[in-house]
Amino acid sequence: METAAKTRKTAHVADALLRMDRMPHIWCPGCGIGPTVNCFASALAKCGIEREKISIVSGIGCTGRVAGYVKLDSFHTTHGRPIPFATGLALANPGLKVVVYSGDGDIMAIGGNHFIHAARRNVNMTVICVNNFIYGMTGGQVAPTTPEEARATTTPYGCYEPPLNLPFLAESCGAVYVARWTALHIRNMTNSMVEALTKKGFSFIELIAPCPTLYGRLNRLGDGLDMLKFFRENSEIRNGADTHTIDIGFKGKIVCGTFVNKEAPTYLDRMNAQLAKVLKDRYVPWGASATTGSES
Amino acid sequence: MKTTADPKGVLTGEHFLDGDWSCAEGALAAGCRFVAGYPITPSTETVERFGQRIPIVGGVFIQMEDEIASSIAIQGAVWAGLKAMTVTSGPGFSLMMEHIGLAAMTETPCVFVDVQRGGPSTGLPTLPGQADVMQARWGSHGDYEVIAVCPNSPQESFDLTVHAFNLSEQYRVPVMVMLDECVGHMYEKVVIPKPEDIEVFPRRWTKQPKDKYLPFEPEFDGWIPGMVKAGDGYFLHVTGLTHDERGYPQMNAECQEKCVRRLVDKIRKNAERIVCYEETSIEGADVAVVTYGITSRVAYAAMEMAGSHGVKVGMHRPTVIWPFPEKRIRELASQVKAFVVVEMNYGQIYYEVERLAAGKCDVHLVDHGGGTVHDPEAILECIIKAAGQR
Amino acid sequence: MADQTVVATLRARSRAFGAPKPRPVRAKIVVEWERCKGCSFCVEFCPQGALKLSAEFNKKGYHPPLADEEKCLDCGFCELVCPEFSIYSVVLTSSAEE
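Bear in mind the structure is a predicted one, so any value in this text is a computation, not a measurement.

> Mind laying out the overall build of chain B, listing which residues take part and the relevant values?
From N to C terminus, chain B includes 14 helices and 19 strands. When its C-alpha atoms are laid out on the principal axes, chain B stretches across 70 × 50 × 40 Å. A burial count over chain B gives 57% of its 390 residues as buried. Nonlocal contacts in chain B, meaning residues at least 24 apart in sequence, comprise 76% of its contacts between residues at least 6 apart.

> Summarise the domain arrangement of chain B; cite the residues concerned and give the values.
Interfaces are often sized by the amount of accessible area the parts lose when they come together. Under the domain assignment used here, chain B contains domain 1 (3–200), domain 2 (218–271) and domain 3 (277–388). Domain 2 of chain B and domain 3 of chain B are separated by 38 Å when their C-alpha centres are compared.

> Outline the interface of chain A and chain B, supporting the account with residue identities and numerical values.
Opposite the 34 residues of chain A that make contact, chain B presents 41 residues. Elements represented by at least two residues in the side of chain A that touches chain B include exactly strand 2 (73–76), helix 4 (82–92), helix 6 (112–121) and helix 11 (267–279) of chain A. Here the side of chain A that touches chain B gets eight residues from one element, more than from any other, and that element is helix 4 of chain A. Its residues assigned to classes, the side of chain A that touches chain B comprises 14 nonpolar, 13 polar and seven charged. Judged from the three bridges that link them, strand 2 of chain A and strand 14 (residues 237–239) of chain B form a sheet pairing that is parallel. The residue of strand 14 of chain B that forms the bridge with His76(A) is Thr239(B).

> Give a detailed account of helix 2 (residues 44–57) of chain B, specifying residues and quantitative values.
Residues and elements named next belong to chain B. Helix length check: helix 2, at 14 residues, gives a terminal C-alpha distance of 20 Å against a target of 20 Å (1.5 Å per residue), a fit within 8%. Considered for burial, the residues of helix 2 that qualify are Glu 45, Thr 46, Val 47, Arg 49, Phe 50, Ile 54 and Pro 55. Backbone geometry just downstream of helix 2 places Gly 58 in the positive-phi region, at approximately 110°.

> Please set out the nonpolar core residue by residue, giving values where relevant.
Leu89(A), Val146(B), Ala148(B), Val287(B), Val289(B), Val340(B) and Ile383(B) are the most contacted members of the largest nonpolar core, which totals 243 residues. Leave out the neighbours within four places in its chain, and Leu89(A) touches Ser55(A), Val57(A), Leu96(A), Val98(A), Gly76(B), Trp79(B), Ala80(B) and Ala230(B).

> Talk me through helix 11 of chain A; I want residue IDs and the actual numbers.
All names here are of chain A. Compared with an ideal rise of 1.5 Å per residue, which puts 13 residues at 18 Å, helix 11 spans 18 Å between its outermost C-alpha atoms and is within 8% of the ideal. What helix 11 keeps buried is the set Tyr 267, Leu 268, Met 271 and Asn 272. Projected down its long axis, helix 11 carries its buried residues within an arc of 120°, all on one side. Exposed and oriented more than 90 degrees from the buried face of helix 11 are Gln 274 and Lys 277. Just downstream of helix 11, Lys 280 is the residue with a positive phi angle, here 50°.

> Can you explain the sheet that holds strand 1 (residues 54–58) of chain A? Please cite residues and give values.
An order of 7(A)-8(A)-5(A)-6(A)-4(A)-3(A)-1(A)-2(A)-14(B) is seen for the nine strands of this open sheet, with the pairing classed as mixed. Two strands close off the open sheet at either side, each with one partner strand: strand 7 (235–237) of chain A together with strand 14 of chain B. Adjacent strand axes in the sheet meet at a mean angle of 20° when their direction is disregarded. Summarising the sheet, strand 1 of chain A and strand 3 (residues 97–103) of chain A pair through four bridges and their orientation is parallel. Across the sheet, residue Ile56(A) finds its bridge partner in strand 3 of chain A, namely Val99(A). Here helix 7 (residues 166–173) of chain A sits on the sheet in contact with strand 4 (125–131), strand 5 (177–182), strand 6 (202–208) and strand 8 (254–261) of chain A, set at roughly 170° to strand 5 of chain A.

Parameters at a glance
- Residues numbered from 1 in each chain as written.
- Chains lettered and ligands numbered in written order.
- Predicted model: local features only at pLDDT ≥ 70, side-chain atom pairs only at ≥ 80, totals over all residues.
- Helix = DSSP H or I, 4+ residues; strand = E, 2+ residues; numbered from the N terminus.
- Buried ≥ 20, exposed ≤ 12 C-beta atoms within 10 Å, placed from the backbone.
- Contact = placed C-beta atoms within 7 Å.
- Domains from an automatic or database assignment.
- Nonpolar A, V, L, I, M, F, W, Y, C, P; charged D, E, K, R; others polar.
- Pairing = 2+ DSSP bridges.
- Expected span 1.5 Å × (residues − 1).
- Core = buried A, V, L, I, M, F, W, Y, C linked by C-beta atoms within 7 Å.
- Arc of directions from axis to C-beta.
- Axes fitted to C-alpha atoms, helices over the stretch in contact; angles between N-to-C directions.

Shown next, in the form of structure tokens:
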């Protein structure tokens, strides 16, 4: 208690870590992206990594705007391609901790292939995917995560494609850390972000967020508050759950938790090991061996 | 302000190399330490060579999952502080177009190599073409300018790749190296100088302190913003959206004019400093052959034959193809009876020359669909015809 | 048979019947009035129910929250759940200092 009082701040925890000169942000009232960014700012303050060494890369979409609001070296790239950009950043400077912060359409539809390969390679980066089950920025089109029967502007009579199960995909591609939380699980989300930031390798966090203006309105799910209340009633924390059992159906149960947390050599670890083995003394190693959370 | 090459990347000596390999050596000599690529004939040997050499020099080669990933991974590497390049051919070049636009918009210095082959579509994967020349300039959407170079030999592949890296750093712009399958796969003597004899243009790091630095405010030559890299505490924001000097998106017409106009003008207004060409026997010529890349090698043969027919013919060969040497072509248009444009496509640079000639002289085209080089006789026939008229 | 020292400790810690429960924390709630978009997340999810929407509205027409600071325990939930980064609590005193 005493310690808390002495270190207590006099401003919002996000103020020092966000570009406050660009507030208010563009997200709708009740949008779930804001809480996730809030938690991210808190995680940045807690993770113990020098802020200069953390870079953030976003794609296109509502969540893609996150890079523009966070006061880090930030890159707002093309649709679907933050992950390969982040791969270039992470490999060229192994001392950086690279975070990809983007939406479900950006990372899993157009960016799906890049996700698969970065996870497979275990490139040292953290991917935070805010899943609102829709393409929000462009007006509410169907996404690969849109549950069956849910309406979107391009599936006006209900979606008839089975949605992707993101944690299952991440685990099967080789991600070393896989978690899912909703925008309501602010403490768990923050802790997960700290774990992912300080972990070596490809870590993935799916954050289920309300999109009241589009997904919520088109499917008569109410406003942001109604959707968060739905998360409160229908989410269940099951750490270590089998990822192939945790699909999300329309108005269905949302299983949250940390599902995978394992160790594996990163892309650079493997590259350095293989090339040193074959080339011996002639090999010029790239980056030192990994320290917690980042390679330097 | 140039420096000399880092000796680690310079394979000094006389070599017997093909154009693809020379290009890889040129990149290493220029200080390139990151290549992301995807296999595509006839360019693959460039990345294979780089991948073999870079572990000894120190750097990274990664074969990405596709050309789209390659063309943006290199930009991540540039913002992390390295010089970077990707290599492809026609179909991959088309895939990379969005990211060439991103590099132009964010002023990311990087090099794109296109070893041209027969097109369109899958075309002739193992055979030459020169039909991507217009695409190099206009291929991405929106208004922007890039620089493109055009080697005609393995030696030039080395030299012009070094030059491409230098131009990309000087103007903070993506630069295309337009090889073709012939130059890429032909073996010739390549002399790689000592590191102290290779001029390298270093990255234009900003001299501004962190509290004054603006990522897109011109700092050098009145046109070029100072560069920084991630990890140095500048907390910069880089976006493909139309942006102001702070790098923040500003979606309005005024910002568009300010932001994009400078991107275009920094090349157009400096064109005369960037253009580069080689002329042979142009003084007093009646006919000027305008050609580039492998086609120029065939055109030399045709010119010799024309000489023995008594035709006064010279050659104008751009080595920097974009920006195009407009001023020089306009000058020549007043001096010659005709231009003969020889290119391995159905007419691309021909339209530039015709536009610049502005009716002052005739302009002829000796076209070719690709798949093999021109027949010198076809070029000769056109030269003679061109000399005969007017 | 209960351990004598345990019983003695429990007796020492117990308070007199009817004495007020000590407040662990006193905190002030700060609201960025103009930035609020009235989503009500903080109101709904405050574990103490210390917030309610005001009758007044800000320039954009939203009703920002009002706080009953007697109830605030500085848990920080509103601070983190707010999508606009526009509410947080500041501790005034802690029980150790009281």
